[in-house]
There are 2 protein chains.
Amino acid sequence: MDSAVGTNEKVGFNSWCPLLIFDSMQKLKELAQKIRKIGKDDPRRVLHSLKVGLALTLVSIFYYVNPLFYGLGASTMWAVFTVVVVMEYTVGGTLSKGLNRAFATLLAGALGFGAHHLAALAGDKGEPILLGMFVFMLAAMATFSRFMPEIKARYDYGVTIFILTFSLVAVSSYRVEELIKLAYQRLSTVAIGVTTCLCTSMFVFPVWAGEDLHMLVAANLDKLACCLEGMGVEYFGEKMESGSLEGKSFLQSYKTVLNSKATEDSLANFARWEPGHGRFGFRHPWNQYLKIGAITRHCACSIEALNAYISTLQQSHKTTKDLEFKQKVQVACANMSKETGKALAELASSIREMKWSSIAGKHLAIATETACRVMALVPTENSTLLEMLISATTASLLTEVVRCTNPVIAAVEELSRLAEFKRPEHGRKAGTVKPIADIESLPHAVIVIEK
Amino acid sequence: MDSAVGTNEKVGFNSWCPLLIFDSMQKLKELAQKIRKIGKDDPRRVLHSLKVGLALTLVSIFYYVNPLFYGLGASTMWAVFTVVVVMEYTVGGTLSKGLNRAFATLLAGALGFGAHHLAALAGDKGEPILLGMFVFMLAAMATFSRFMPEIKARYDYGVTIFILTFSLVAVSSYRVEELIKLAYQRLSTVAIGVTTCLCTSMFVFPVWAGEDLHMLVAANLDKLACCLEGMGVEYFGEKMESGSLEGKSFLQSYKTVLNSKATEDSLANFARWEPGHGRFGFRHPWNQYLKIGAITRHCACSIEALNAYISTLQQSHKTTKDLEFKQKVQVACANMSKETGKALAELASSIREMKWSSIAGKHLAIATETACRVMALVPTENSTLLEMLISATTASLLTEVVRCTNPVIAAVEELSRLAEFKRPEHGRKAGTVKPIADIESLPHAVIVIEK
């Protein structure tokens with residue numbers, strides 16, 4: 001590294017300065033393209049940004065307009081504060097945070113008030129000690145409650161605000177005289193902030209978490225459908241085992257489905273807070289979407305297994321005997337793949353349009369029937385060959401497991417290099433390490449092991 | 001529902017009161033058990049709760065002790081505030097939030113100050129308008145930046161605090177005279193809060209996100225190993241296809257691996273903020289853990305496919321011909337399963353102890369060799385049967401995809417019922433709906449279709 005620094009120093013300012021400017025211009029251009037892409041992918045993001053600006057400006061009017069300011073005092077800050085923290089991308093997110101904040105403030109305020117009066121009984125010296133104990137106990141208990149999955153999922157923010165407000169009220173009660181006035185101001189400014197957020201969020205180009213969840217679940221089904229239909233045409237269709245499947249976009253799209261759980265969970269959580277809107281009632285069955293999502297991921301998993309098998313097959317096997325059996329299986333596979341794809345696409349559009357149709361079932365019935373027929377294709381009277389096929393399939397699947405363990409070893413090996421794990425088999429236990437300085441090409445060391 | 005309420009009203013207070021008490025006692029007992037379990041599963045949770053209480057109590061001392069209070073004024077509140085919001089479970093989380101908060105406050109404070117001076121040039125009437133425009137623009141721009149994945153992952157909290165502080169400084173600059181004093185107080189109280197959090201978090205029973213990630217990745221490998229070894233013994237071992245695999249715990253444990261991405265991502269994100277500690281240096285290759293995690297999930301996916309195939313096999317096929325071929329395959333499968341399991345277990349312990357060993361590679365080599373031998377078992381001179389096996393395996397895998405699409409249809413159908421989707425095939429398009437009140441058992445309606 002030192003020599004590199006030396007080289008750089010020799011290059012004059014004039015020669016690298018234009019390069020530097022060009023480089024940063026390039027980076028700025030890339031950034032601009034990236035920003036444009038983010039906005040283009042979902043224009044609601046631009047609208048949301050403007051909405052946050054709008055809500056903040058609305059709330060700061062309270063500060064600028066004189067009569068209102070004198071009524072609420074410096075507490076108006078809390079309204080600004082509330083808007084910044086509560087305003088979320090989706091209506092459900094804003095509602096969840098806003099209601100959590102409002103109720104937690106109310107509850108903790110009342111409790112803090114009670115704690116103040118209780119502590120006052122202990123006299124001037126005892127009061128801070130007692131208040132400190134209350135704060136310690138409540139903070140510890142509330143923090144522990146956040147480890148409960150139900151509370152973590154829905155009321156995490158509320159618990160934070162609860163601890164915050166209780167501490168603030170309990171601590172400041174020791175100094176502030178007009179506690180009631182403070183509490184009133186705090187509550188009304190929080191209410192102003194929450195109301196501003198809710199109005200902006202719900203009435204100005206609202207983004208509903210429920211609708212996003214609805215669309216996401218349908219889009220995931222569509223991705224699987226697209227993958228299966230693509231395989232039905234491209235792989236099982238005319239050119240089975242001839243064309244390489246690598247780099248096909250339909251083989252990549254389903255992979256995002258495998259990691260969609262976190263997004264679905266958070267959207268469903270927010271959707272539960274949302275009032276009825278458009279096609280979605282207040283008690284819309286959001287849980288059912290999570291169930292569909294879980295099964296969709298299971299489906300994506302078996303598609304992944306199928307793809308892994310096919311791609312290793314393409315790499316290792318180049319035999320192209322045109323057995324009659326093989327051709328029949330291929331035709332059946334093309335059929336199964338396409339029909340299952342159609343069934344999934346139908347389900348996706350059924351969700352999207354909220355219109356149930358039994359066509360999906362019909363497509364899948366054809367696929368299932370074809371699947372049953374494939375096993376019957378085995379050309380023997382006795383079931384020996386069928387049994388062999390079943391055993392061999394199990395072995396093939398297990399072979400896939402073995403195969404995909406290989407990259408795990410490679411990855412852990414890389415980690416062991418990067419993180420400098422100990423390597424006991426080289427005998428470092430009781431040895432002395434003597435690096436060989438002369439042989440430049442080999443980064444090895446000679447190790448003398450004392451047994 | 002109405003009739004049910006009526007029935008309840010008839011039951012006297014005396015008879016259901018003990019029941020109610022018993023019921024709530026039962027619920028309280030369950031809650032207590034749940035709380036105890038959460039604490040027992042990971043005692044660090046209890047410690048964390050006490051640490052939050054401790055940090056808050058420490059900070060409130062600033063408020064109670066007089067000389068300090070008069071130096072910083074009512075701004076001490078901000079220290080309490082900072083502690084509540086910044087204190088996270090892991091050191092990395094606390095550091096990430098603390099540093100984000102400190103730097104965002106500094107940057108936004110300076111910018112807000114600049115905005116105040118710029119706006120002051122516009123005169124008394126123009127100032128609030130100009131300030132409002134600044135707040136609107138900065139809030140919108142900063143909110144938009146949160147949609148960039150890199151910023152969202154690492155600086156999300158910082159952006160919130162940036163908007164917050166800028167708005168507060170810009171807005172209050174219109175009224176507060178001593179802006180410099182306010183900024184100084186705000187910054188020093190935030191610094192006090194952040195320092196308190198960091199000290200408590202790092203020096204009192206620290207929970208390192210990096211260590212948690214390290215252990216999680218190893219534990220996930222262990223889960224897969226446990227599943228494969230269990231299958232090697234229980235399913236492929238002596239009693240292949242005889243004993244049911246349902247309800248075996250080793251078949252359930254790997255399923256959590258499939259959904260571990262979100263946890264791993266957040267832990268890796270926090271780990272990057274942590275200083276070197278114990279066996280982990282400052283620039284420990286945390287990204288490599290994410291890579292291992294991704295490959296592990298891929299592995300879990302193929303195990304899922306294998307399990308799904310085996311479990312449908314167990315339900316549908318009860319043939320137990322003891323072919324020689326089948327027995328040989330079974331022995332080979334038992335071997336592959338156990339050796340792969342051992343390899344994964346070895347990798348897990350290699351990570352845990354940070355000691356690289358090549359034993360994992362040896363186990364996997366045995367498994368791979370066995371896998372190669374299985375295909376050679378096919379008892380034909382020509383490769384016809386092998387080709388048939390390969391086609392049949394592809395068909396079997398595709399059959400699995402078809403099979404797992406079935407529950408998707410069922411789930412969407414349930415959704416369509418719960419969410420009351422339209423059912424066009426019943427001909428609601430241009431029909432009138434006439435409910436039949438007389439036939440109680442059928443919830444159907446007579447629909448007259450006008451063509």
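Residues numbered from 1 in each chain as written. Chains lettered and ligands numbered in written order. Predicted model: local features only at pLDDT ≥ 70, side-chain atom pairs only at ≥ 80, totals over all residues. Heavy atoms only, no water.

Is there a simple way to explain the domain arrangement of chain A in this structure?
You'll often see interface size given as the accessible area lost when the parts meet. Residues and elements named next belong to chain A. Annotation of chain A at the domain level lists domain 1 (44-203) and domain 2 (209-272 + 283-441). At the junction of the two partners, domain 1 supplies seven residues and domain 2 supplies five residues. A combined buried area of about 550 Å² lies between domain 1 and domain 2, and 47% of that area is made up of carbon and sulfur atoms. The largest contributions to the domain 1 side of the interface with domain 2 come from Thr 90, Gly 92 and Arg 154, which together make up 55% of the buried area. The tally of links between domain 1 and domain 2 comes to one salt bridge. Between Asp 212 and Arg 44 there is a salt bridge, with its nearest N and O atoms 3.0 Å apart. Where domain 1 touches domain 2, the interface holds two residue pairs in polar contact (both at pLDDT 80 or more). Listed by contribution, the elements that provide at least two residues to the side of domain 1 that touches domain 2 are helix 6 (91-120) and helix 8 (149-172). With three residues, helix 6 is the largest single contributor of residues to the side of domain 1 that touches domain 2. For the side of domain 1 that touches domain 2, the per-class residue count stands at one nonpolar, four polar and two charged. (Domains from an automatic or database assignment. Contact = heavy atoms within 4.5 Å. Buried area = accessible area lost by both parts, 1.4 Å probe. Salt bridge = Lys/Arg side-chain N within 4 Å of Asp/Glu carboxyl O. Polar contact = N/O pair within 3.5 Å; in protein donor to acceptor, adjacent residues only side chain to side chain. Helix = DSSP H or I, 4+ residues; strand = E, 2+ residues; numbered from the N terminus. Nonpolar A, V, L, I, M, F, W, Y, C, P; charged D, E, K, R; others polar.)

How should the interface of chain A and chain B be read in this particular structure?
Contact with chain A, which involves 146 residues of that partner, is made by 146 residues of chain B. Between chain A and chain B, a total of about 13,400 Å² is buried, with carbon and sulfur atoms accounting for 78% of that surface. Linking chain A with chain B are two salt bridges. Glu150(A) serves as the salt-bridge partner of Lys34(B), at 2.6 Å between the closest nitrogen and oxygen. Summed over the shared surface of chain A and chain B, the number is 13 residue pairs in polar contact (both at pLDDT 80 or more). Of the residues in the side of chain A that touches chain B, the class split is 91 nonpolar, 37 polar and 18 charged.

In this structure, what is going on with the environment of Gly230(A)? I would like to understand it.
Residues and elements named next belong to chain A. Tracing the backbone shows Gly 230 in helix 10 (residues 209-234). Linking Gly 230 and Phe 147, residues 83 residues apart in sequence, is a C-alpha distance of 45 Å. Excluding residues within four positions of it along the chain, Gly 230 makes contact with Tyr 235 and Phe 250.

Looking at this structure, how should I read helix 16 (residues 359-376) of chain B?
Residues that lie three or four places apart on an α-helix share one face, since the helix turns once every 3.6 residues. With 18 residues, helix 16 of chain B should reach 26 Å at 1.5 Å per residue; the first-to-last C-alpha distance of 26 Å fits that figure. Burial in helix 16 of chain B covers these residues: Ala360(B), His363(B), Leu364(B), Ala367(B), Thr370(B), Ala371(B) and Val374(B). Viewed end-on, helix 16 of chain B has its buried residues packed into an arc of 115°, placing them on one side of the element. Every exposed residue of helix 16 of chain B that faces more than 90 degrees away from the buried side is listed here: Lys362(B), Glu369(B), Cys372(B) and Ala376(B). At its buried positions, helix 16 of chain B is contacted by helix 17 (384-418) of chain A together with helix 15 (324-353) of chain B. (Expected span 1.5 Å × (residues − 1). Buried < 20%, exposed > 50% of the residue type's maximum accessible area, 1.4 Å probe, protein only. Arc of directions from axis to C-beta.)

Just checking my understanding: could you explain the environment of Arg423(A) for this structure?
By the secondary structure assignment, Arg423(A) is in the loop between helix 17 and strand 1 (431-435). A C-alpha to C-alpha distance of 36 Å links Arg423(A) and Leu258(A), two positions 165 residues apart in sequence. Beyond its immediate chain neighbours, meaning those up to four positions away, Arg423(A) contacts Glu413(A), Ser416(A), Arg417(A) and Trp356(B).

Would you mind showing me how to read the packing of helix 8 of chain A against helix 3 (residues 44-64) of chain B here?
The packing of two helices is summarised by the inter-axis angle and the distance between the axes. Between helix 8 of chain A and helix 3 of chain B, the shortest axis-to-axis distance is 10 Å and the interhelical angle comes to 30°. In terms of axis orientation, helix 8 of chain A runs roughly parallel to helix 3 of chain B. Note that helix 8 of chain A runs across helix 3 of chain B; the crossing there is right-handed. Contacts between helix 8 of chain A and helix 3 of chain B involve Ile163(A), Ser167(A), Ala170(A), Val171(A) and Ser172(A) on the former and, on the latter, Leu56(B), Ser60(B), Tyr63(B) and Tyr64(B). The residue makeup of the contact of helix 8 of chain A with helix 3 of chain B, split by class, is six nonpolar, three polar and no charged. (Axes fitted to C-alpha atoms, helices over the stretch in contact; angles between N-to-C directions. Parallel < 35°, antiparallel > 145°, perpendicular 65-115°, else oblique. Left-handed = near helix turned anticlockwise from the far one by under 90°.)

Is there a simple way to explain the packing of aromatic side chains in this structure?
Centre-to-centre distance and the angle between the planes together describe a pair of aromatic rings. Scanning the entire structure with this criterion turns up 18 aromatic pairs over all chains. On the numbers, 5.4 Å between centres and 55° between planes, the contact of Trp78(B) with Phe81(B) is tilted. With Trp78(B) and Phe81(B) both in helix 5 (residues 76-86) and three residues apart, the pair spans about one turn of that helix. By relative accessible area, Trp78(B) is classed as buried at 18%. Of the residues examined, Phe81(B) reaches a relative accessible area of 4% and is grouped as buried. With 6.1 Å between their ring centres and 65° between their planes, Phe144(B) and Phe147(B) make a pair best called edge-to-face. Through pairs of rings, three or more aromatic residues link up here, namely Trp78(A), Phe81(A), Trp78(B) and Phe81(B). (Phe/Tyr/Trp six-rings, centres within 6.5 Å; stacked < 30°, edge-to-face > 60°.)

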